[in-house]
Amino acid sequence: MANGARNGLHRMSEEQSSQYKKALSFIIFLIVSLTMITATFLNPFFMKGQIRNSSNEAVVVRQVNKHFDTLAEIIGANKNGSANLLTTKQTQPIADHIIDYTLGTPWFKFNNMNLAKQILHDIELNIDQDSSSDAQLVQHKLKEQANNAPFDVKDAFNLNTITLGGNIAFILLIVNVIILVMAFISLHSLISDMKLLLNSKMLTHEVTASGMWAGFWLMLSAGILAIIPVIFDVEGLAVLGYVLEIGSSIFLDFVIAGVILYILSAIPWEISSPNN
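For clarity, every value in this text was computed on a predicted model and none was experimentally measured.

So, how was this worked out
Residues numbered from 1 in each chain as written. Predicted model: local features only at pLDDT ≥ 70, side-chain atom pairs only at ≥ 80, totals over all residues. Heavy atoms only, no water. Helix = DSSP H or I, 4+ residues; strand = E, 2+ residues; numbered from the N terminus. Buried < 20%, exposed > 50% of the residue type's maximum accessible area, 1.4 Å probe, protein only. Contact = heavy atoms within 4.5 Å. Lys, Arg positive; Asp, Glu negative; His and termini not counted. Charge placed at Lys NZ, Arg CZ, Asp CG, Glu CD. Phe/Tyr/Trp six-rings, centres within 6.5 Å; stacked < 30°, edge-to-face > 60°. Patch = residues over 30% accessible without salt bridge, like charges linked within 9 Å, V, L, I, M, F, W, Y side chains within 5 Å. Areas by Shrake-Rupley, 256 points an atom, 1.4 Å probe, with all protein chains shown as cover. Salt bridge = Lys/Arg side-chain N within 4 Å of Asp/Glu carboxyl O. Core = buried A, V, L, I, M, F, W, Y, C linked by side-chain atoms within 4.5 Å. Axes fitted to C-alpha atoms, helices over the stretch in contact; angles between N-to-C directions. Parallel < 35°, antiparallel > 145°, perpendicular 65-115°, else oblique. Nonpolar A, V, L, I, M, F, W, Y, C, P; charged D, E, K, R; others polar. pLDDT = per-residue confidence, 0-100.

For the rest of this paragraph, the subject is the overall build of the chain. Looking only at helices and strands, one finds 10 helices and 0 strands in the chain. When the helices and strands of the chain are listed from N to C terminus, the series reads α-α-α-α-α-α-α-α-α-α. If one aligns the C-alpha atoms of the chain with their principal axes, the spans along those axes are about 80 × 35 × 25 Å. Per-residue burial over the chain gives 44% buried out of 276 residues. Long-range contacts, defined here as pairs at least 24 residues apart, represent 81% of the contacts in the chain between residues at least 6 apart. With 17 positive and 22 negative side-chain charges, the chain shows a separation of 8 Å between the mean positions of the two kinds.

This is the structure:
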């Protein structure tokens, strides 16, 4: 697909053509990838919807209950470690508050006590007489802890790590925006340079060839990331493992985006072929 334009180049050597294609492919890949990362992984509204997918609900329940088990140990509540203490309905508000805190405002986080109090409130609000006896015991013990309860929640849910993750996410957001601006400027500059060497038909052929390569690399890289949690046990990687598990289905969306980019580029690439 990258070689179809060779016969129609105007004042551009094959070496120049190859260099332009590589640069354009990388820039297009960068723009599409960073745009999707910003719209998915760094978007609290998207992520809260994502954890409600049937494929991710079990992951959320397992992760929240893992920390809830730790909380039970910290406060001295008896528990059955082989069973989930909280249901999907009870874990969802906790997960929502963690996502809002991590990806929402304020951008830079210094204090996570409000989050600890929100999680504590979720526990107090959503555990009732229909909940498991273990969960009710934890709730009762937390009430006995009084003012110390938020600190126990903070330790059990590793909120300092979550705070660090939230600050990293904000830095990534800033970096993404800066790189995207630079990428669009570079893309405009490259295409402007190519306009001096190619007619409109051949310019379309070259740019869409780069788009096809960008779509291919997006499909390949996202596909690999999507199957990592399937092949390997990532649960031991703490927050990173949790993100990979939740992100597996998101990376499949990236693969679909790569397919769409490839197809949308292939059509004008074929139309603008020198043989047509």
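Inspection of the entire model under this criterion finds 7 aromatic pairs. When the ring of Phe-41 is compared with that of Phe-251, the centres are 5.3 Å apart and the planes differ by 45°; the resulting orientation is tilted. Here Phe-41 is found in the loop between helix H1 (14-39) and helix H2 (44-50), whereas its partner Phe-251 is found in helix H10 (residues 238-271), with 210 residues between them in sequence. Phe-251 shares its class with Phe-41; the two are buried. Residues Trp-213 and Phe-216 carry aromatic rings whose centres are separated by 5.9 Å and whose planes lie at 85° to one another, so their mutual orientation is edge-to-face.

A cluster of nonpolar side chains, namely Phe-108, Phe-110, Ile-171, Val-175 and Ile-179, defines an oily patch on the protein surface of about 490 Å² accessible area. Following the sequence through the fold, Phe-108 ends up in the loop between helix H4 (88-103) and helix H5 (113-126). Classification of Phe-108 as partly exposed rests on a relative accessible area of 41%.

Let us look at the nonpolar core. With 45 residues, the main nonpolar core has Phe-68, Leu-71, Ile-119 and Phe-157 as its most contacted residues. Sorting the residues of this core by element identifies helix H3 (54-75), H4, H5, helix H6 (133-145), helix H7 (149-156), helix H8 (159-195), helix H9 (200-231) and H10 as the ones contributing at least two each. It is H3 that provides the largest number of residues to this core, a total of 7 residues. Ignoring anything within four residues of it in the chain, the contact list for Leu-71 reads Ile-123, Val-138, Leu-142, Asp-152, Val-153, Ala-156 and Phe-157. Ranked by size, the runner-up nonpolar core spans 17 residues in total, among them Leu-34, Leu-187, Leu-190 and Leu-261.

What follows concerns the packing of H3 against H4. The description of two packed helices rests on the angle between their axes and on the distance between the axes. The contact between H3 and H4 brings their axes to 9 Å, and the two run at 80°. Relative to H4, the element H3 lies roughly perpendicular. Contacts from Glu-57, Val-60, Val-61, Val-64 and Asn-65 in H3 reach Thr-88, Thr-91, Ile-94 and Ala-95 in H4. Looking at side-chain class alone, the contact of H3 with H4 contains 5 nonpolar, 3 polar and 1 charged residues.

Once that is clear, we can look at the environment of Gly-166. If you trace the backbone, Gly-166 turns up in helix H8. Its relative accessible area of 0% is what places Gly-166 among the buried residues. Expressed as a C-alpha distance, the spacing of Gly-166 and Phe-151, which sit 15 residues apart in the sequence, is 19 Å. Setting aside residues up to four positions removed in sequence, Gly-166 forms contacts with Thr-102, Trp-107 and Lys-109.

It is worth spelling out the confidence of the model for the chain at this point. On average, residues of the chain score 87 in pLDDT, and 91% of them are at 70 or above. Counted against residues more than four places away or in other chains, residues 1-10, with its pLDDT under 50, gives 25 contacts.

Bringing the environment of Ser-210 into the picture now. The residue Ser-210 is located in helix H9 in this model. Among all residues touching Ser-210, those that are not within four sequence positions of it are Tyr-20, Lys-21, Leu-24, Ser-25 and Ile-28.

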